[in-house]
Amino acid sequence: EAGVVQSPRYKIIEKKQPVAFWCNPISGHNTLYWYLQNLGQGPELLIRYENEEAVDDSQLPKDRFSAERLKGVDSTLKIQPAELGDSAVYLCASSSGPYNEQFFGPGTRLTVL
Amino acid sequence: KNEVEQSPQNLTAQEGEFITINCSYSVGISALHWLQQHPGGGIVSLFMLSSGKKKHGRLIATINIQEKHSSLHITASHPRDSAVYICAVRYGGSQGNLIFGKGTKLSVKP
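Every chain is numbered independently, its residues counted from 1 as its sequence is written. For naming, the first written chain is A and the first written ligand is 1, with later ones following in the order written. Confidence filtering applies because this is a predicted model: local features only for residues at pLDDT of at least 70, side-chain atom pairs given and counted only at 80 or more, and all residues used for totals across whole chains, interfaces and linings. By convention in this description, side-chain values take in all heavy atoms of the structure and omit both hydrogens and water.

Section: the overall build of chain A
- We count a stretch as a helix when DSSP gives it H or I for four or more residues in a row; a strand needs E for two or more, and each element gets its number in order from the N terminus. Along its length, chain A carries zero helices and 11 strands.
- Starting at the N terminus and ending at the C terminus, chain A contains elements arranged as β-β-β-β-β-β-β-β-β-β-β.
- We take the radius of gyration over the C-alpha atoms and set the globule estimate at 2.2 Å times the residue count to the 0.38 power. A globule of 113 residues ought to have a C-alpha radius of gyration of about 13 Å, and chain A, at 13 Å, matches this closely.
- Taking the principal axes of the C-alpha coordinates as reference, chain A spans close to 35 × 25 × 25 Å.

Rendered as structure tokens:
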């Protein structure tokens, strides 16, 4: 069975450009997470979905970040416009429930020039 | 603020050595996770525990609820164990969300 799939794996853009990341969770996993991981730090939660509902987006910088999970399966995270400080790894994870083991994707490494 | 502290930040060991990585947290939790992250980003869950001790192969995880402390031990370490080990906790009021430590970077030399 496939794990959590993310694309692209790497992205390099210039500041002020938009960028989007895509995540396909493990089949049947209703809970989906987007995390931000800076170099030398642990992951930090950006948003958590239960099916298509964003149940915790308190840490998502809503002035430039947006996310959607329209059909409750795959999800897209967007940044517009990107800033230099957004350079990081963006991780997607899924689980069968909010209190169950999380399975992580390989991440997207974003570099903003 | 709920915090998760790991020590050491970096650890270099010779192949075969016994390794201990520590994690401490500030308030009561419902669960603690140990995860492994290899270069390239992929994170794998090693253990989820709320009390006592768990063992899987050469890895052992323990937790002391009273002292708010957990340890991850690796016996007979091998160069393939080289990775970043991350402790994460789920606090009672966190709606299931995990709070992650900064990780411990382990390098095992042959």
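As for the side chain of Q37 of chain A
- Locating Q37 of chain A in the fold gives a position in strand β4 (residues 31–37).
- Polar contacts, as counted here, are pairs of nitrogen or oxygen atoms within 3.5 Å of one another; within protein the pair requires one atom able to donate a hydrogen and one able to accept it, and residues that are adjacent in sequence qualify only if both atoms are side-chain atoms. Within the structure, Q37 of chain A has its side chain in polar contact with the backbone oxygen of Q41 of chain A (distance 2.9 Å).

Notes on the nonpolar core
- To define a nonpolar core, start from buried Ala, Val, Leu, Ile, Met, Phe, Trp, Tyr and Cys residues and group those joined through side-chain atoms within 4.5 Å. Whether a residue is buried, partly exposed or exposed follows from its accessible area with a 1.4 Å probe, protein chains only, as a fraction of its type maximum: under 20%, in between, or over 50%, in that order. Among the nonpolar cores identified, the biggest contains 23 residues, and L32, W34 and V89 of chain B are the most heavily contacted of them.
- If you list the elements that add at least two residues to this core, you get β3 (19–25), β4 (29–37), β5 (43–49), β7 (59–64), β8 (69–74), β9 (83–91) and β11 (104–109) of chain B.
- Should any heavy atoms of two residues lie within 4.5 Å, those residues are considered in contact. In this structure L32 of chain B touches C23, Y25, F47, M48, L49, I63, S70, C87, A88 and V89 of chain B, once residues within four positions along its chain are discounted.
- Counting 22 residues, the second largest nonpolar core, distinct from the first, contains I13, W34, F65 and C92 of chain A.

A closer look at the interface of chain B and chain A
- Each partner contributes to the interface: chain B provides 17 residues, whereas chain A provides 21 residues.
- The buried area of a pairing is the accessible area, by a 1.4 Å probe, that goes missing from both parts when the two are put together, added over both. Together, the buried faces of chain B and chain A total about 1500 Å²; carbon and sulfur atoms form 47% of this surface.
- Among the residues chain B hides against chain A, the three largest losses belong to I43, N97 and F100 of chain B. Together they make up 31% of the total.
- Only one rule defines a salt bridge in this text: a Lys or Arg side-chain nitrogen within 4 Å of an Asp or Glu carboxyl oxygen. Inspection of the chain B/chain A interface yields zero salt bridges.
- At the boundary of chain B with chain A, the tally comes to five residue pairs in polar contact (both at pLDDT 80 or more).
- Breaking the side of chain B that touches chain A down by element, the ones donating at least two residues are β4, β5, β9 and β10 (98–100) of chain B.
- The greatest single-element share of the side of chain B that touches chain A, amounting to three residues, is contributed by β5 of chain B.
- Each residue receives one of three labels: charged for Asp, Glu, Lys and Arg, nonpolar for Ala, Val, Leu, Ile, Met, Phe, Trp, Tyr, Cys and Pro, and polar for the others, Gly being one of them. Grouping the constituent residues of the side of chain B that touches chain A by class yields six nonpolar, nine polar and two charged.

Quick notes on the pattern of salt bridges
Residues and elements named next belong to chain A.
- In total, this model carries five salt bridges over all chains according to the counting rule given.
- Here K62 makes a salt bridge to D57, at a shortest N to O gap of 3.8 Å.
- Owing to a relative accessible area of 28%, D57 belongs among the partly exposed residues under this scheme.
- Where R64 meets D86, a salt bridge forms, and the shortest distance between an N and an O atom there is 2.6 Å. Taken together, the residues span a long stretch of sequence, with R64 in the loop between β6 (53–56) and β7 (65–68) and D86 in the loop between β8 (75–79) and β9 (88–95) at a distance of 22 residues. Across the pair, exposure class does not vary: R64 and D86 are buried alike.

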